[in-house]
Amino acid sequence: MGSSPLSFRIAAAPPPRLDKALSRDVPEGAALSRTRLARLVSDGQVRVNGAVVTDGKARVTEGDLVEIEVPEAEEVETVAQDIALDVVFEDDDLIVINKPAGMVVHPAPGSPAGTLVNALLHHCGDTLSGVGGEKRPGIVHRIDKDTSGLLVAAKSDRAHHGLAKQFEKHSAERVYLALAYGCPDASDPRLRGTRGVSFEPGNVLKITTQLARHKTDRQRQAVLFDGGRHAVTRARVIECFGNPGAVSLLECRLETGRTHQIRVHLTHAGHGLIGDPVYGGKRKLAANALPEKAFSALYGFKRQALHAAVLGFEHPVSGEWLRFEAPLPADFAGVLELLRE
């Protein structure tokens, strides 16, 4: 158990339900998320005016005294593994990693070990102060297994709380580099006629749709215009290769961060990613569109050509704006070099 309970009073004009009142009035320094508070209530760790309350829907009134026992963080069952990590930044509250392609972020039935979380448990060790009541890194966003690049994880509850808010509000900066089929252009009548696709000044392609899990293939996401979750992606051509434009290097910016968002959106626009085994589609390059070496390298690229190149966010404890850049991995950079030749 914690050394002493966290205590505070319900402020004026509270929401009628205990769970909502706690979420509003719990001291910010306690860094207790709504999910964690709900669990503490159901676990019998919350007292109102001295009486234990286990129903989050219980009524509260202004001035009620709330006491919360916050247990010490427990060790998690996930195995800590000594896996090399490319650490870009680390302090007491968070860690920024440049993740290699091929590494899964979170353990799952198909990949219980060898994940970023397994590696972080070993790397961080006793510096993890506990997230959600467990000694584990707080994952607030993910990048796909075969996407490389920057990812931040929380080492403390206060950091987890603050980072999660930023990703929820989409205030974090996330820039991806991608190699895609074709060169999207505002003058393309096909793109102009594609639902959900528009252009902003500077030839910036904007894709606005809903996204949801595919009806028949549970591993895929699908574009919808009713239901699902709102998703917005912007893409700008940095370089165009081939004659006519066969392949482009795109800078993609996420306004929202949905599963597979860039991959699904660019495929919807007819500019799927090179090497994408799931969404790449049946688009083929004309044999004479590019030099032979570049042509072969593109067809030998067996993962989606996507790299999380820039990550910016406000440090959840110090308030300082942090911005990191990760260079392209060797396989991506090698293909780009051949295209430029």
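Quick note: structure is the one above.
Residues numbered from 1 in each chain as written. Predicted model: local features only at pLDDT ≥ 70, side-chain atom pairs only at ≥ 80, totals over all residues. Heavy atoms only, no water.

## A short note on helix 1 (residues 18-25)
Burial in helix 1 covers these residues: Leu18, Ala21, Leu22 and Asp25. Down the axis of helix 1, the smallest arc covering the buried residues is 100°, so these residues share one side. Contact partners of the buried residues in helix 1: strand 1 (6-9), helix 2 (34-42), strand 2 (46-48) and strand 4 (65-68). (Buried < 20%, exposed > 50% of the residue type's maximum accessible area, 1.4 Å probe, protein only. Helix = DSSP H or I, 4+ residues; strand = E, 2+ residues; numbered from the N terminus. Arc of directions from axis to C-beta. Contact = heavy atoms within 4.5 Å.)

## Some details on the packing of aromatic side chains
Evaluated as defined, the whole model comprises four aromatic pairs. Seen in terms of ring centroids, Phe89 and Phe324 are 5.5 Å apart; in terms of plane orientation they differ by 40°. Their pairing is tilted. Of this pair, Phe89 sits in strand 6 (residues 87-90) while Phe324 sits in strand 18 (residues 321-325), and the two are 235 residues apart along the sequence. Judged by its relative accessible area of 10%, Phe324 falls in the buried class. Judged by centre distance (6.2 Å) and plane angle (40°), the rings of Phe313 and Phe324 are tilted. In this pair, Phe313 sits in strand 17 (residues 306-314) while Phe324 sits in strand 18, placing the two residues 11 residues apart along the sequence. Here the aromatic cluster, defined as three or more aromatic residues joined through ring pairs, consists of Phe89, Phe313 and Phe324. (Phe/Tyr/Trp six-rings, centres within 6.5 Å; stacked < 30°, edge-to-face > 60°.)

## Thoughts on the layout of surface pockets
In this model, the largest pocket occupies a volume close to 750 Å³. For the largest pocket, the lining is made up of 22 residues, of which Asp144, Lys145, Gln219, Thr259 and His260 are closest to its centre. For the lining of the largest pocket, the residue count by class is seven nonpolar, seven polar and eight charged. (1 Å grid on protein atoms, 1.4 Å probe; cavity = no way out; pocket = protein on both sides within 12 Å on 5 of 7 lines; lining within 4 Å. Points joined across faces, edges and corners; volume = space filled by probe spheres on them. Nonpolar A, V, L, I, M, F, W, Y, C, P; charged D, E, K, R; others polar.)

## A few points about the side chain of Thr256
Considering the arrangement of structural elements, one finds Thr256 in the loop between strand 16 (247-254) and helix 6 (261-268). Reaching out from Thr256, the side chain makes a polar contact with the side chain of Gln261 at a distance of 2.9 Å. Setting aside residues no more than four positions away along its own chain, Thr256 makes contact with His170, Arg174, His230, Ala231, Val232 and Gln261. (Polar contact = N/O pair within 3.5 Å; in protein donor to acceptor, adjacent residues only side chain to side chain.)

## Side note on the packing of helix 7 (residues 292-299) against helix 8 (residues 330-340)
In contact at an axis separation of 8 Å, helix 7 and helix 8 are set at 155° when each is read in the N-to-C sense. In terms of orientation, helix 7 and helix 8 fall into the roughly antiparallel class. The two elements helix 7 and helix 8 cross, and the hand of that crossing is left-handed. Here Lys293, Ala294, Ala297 and Leu298 of helix 7 come into contact with helix 8, specifically with Val335, Leu338 and Leu339. (Axes fitted to C-alpha atoms, helices over the stretch in contact; angles between N-to-C directions. Parallel < 35°, antiparallel > 145°, perpendicular 65-115°, else oblique. Left-handed = near helix turned anticlockwise from the far one by under 90°.)

## Here we look at the pairing of strand 15 (residues 229-241)
Pairing of strand 13 (residues 204-213) with strand 15 involves seven bridges; the strand directions are antiparallel. Within the sheet, the bridge partner assigned to Ile207 lies in strand 15 and is Thr233. Bridge count for strand 15 against strand 16 is eight bridges, and the pairing is antiparallel. Across the sheet, Arg234 pairs through a bridge with Arg253, a residue of strand 16. The hairpin formed by strand 15 and strand 16 contains five residues between the paired strands, and Gly242 there has a positive phi angle of roughly 95°. (Pairing = 2+ DSSP bridges.)

## Notes on the state of the cysteines
The tally for this structure, following the rule as stated, stands at one disulfide. Residue Cys252 stays outside any disulfide, its sulfur separated by 13 Å from that of Cys183, the closest cysteine. Judged by its relative accessible area of 0%, Cys252 falls in the buried class. (Disulfide = S-S within 2.5 Å.)

## A short note on helix 2
Inspection of helix 2 places Arg36, Leu37, Leu40 and Val41 among the buried residues, and these make up the whole buried set. What you see down the axis of helix 2 is that its buried residues fit within an arc of 140°, all on one side. When the buried face of helix 2 is taken as reference, the exposed residues oriented beyond 90 degrees from it are Arg34 and Thr35. Gly44 lies just past helix 2 and shows a positive phi near 75°.

## Structural notes on empty space enclosed by the protein
For the structure shown, the criterion picks out one cavity of 30 Å³ or more. Empty space within the largest cavity amounts to approximately 40 Å³. Lining the largest cavity we find His141, Ile143, Leu150, Arg174, Tyr176, Ala308, Val310 and Leu311. When contributions to the lining of the largest cavity are tallied by element, the ones reaching two or more residues are strand 11 (173-181) and strand 17. Of all the elements, strand 17 adds the most residues to the lining of the largest cavity, at three residues. Partitioned by chemical class, the residues of the lining of the largest cavity number six nonpolar, one polar and one charged.

## Quick look at the environment of Ala289
With respect to the secondary-structure elements, Ala289 resides in the loop between helix 6 and helix 7. Linking Ala289 and Asn243, residues 46 residues apart in sequence, is a C-alpha distance of 5.8 Å. Not counting the four nearest positions on each side in its chain, Ala289 is found in contact with Gly242, Asn243 and Ala246.

## Digging into the sheet that holds strand 3 (residues 51-52)
Reading across from one edge, 1-4-2-3 is the order of the four strands in this open sheet, with antiparallel pairing throughout. Edge positions in the sheet fall to strand 1 and strand 3, since each of these pairs with one other strand and no more.

These figures capture arrangement, not role.
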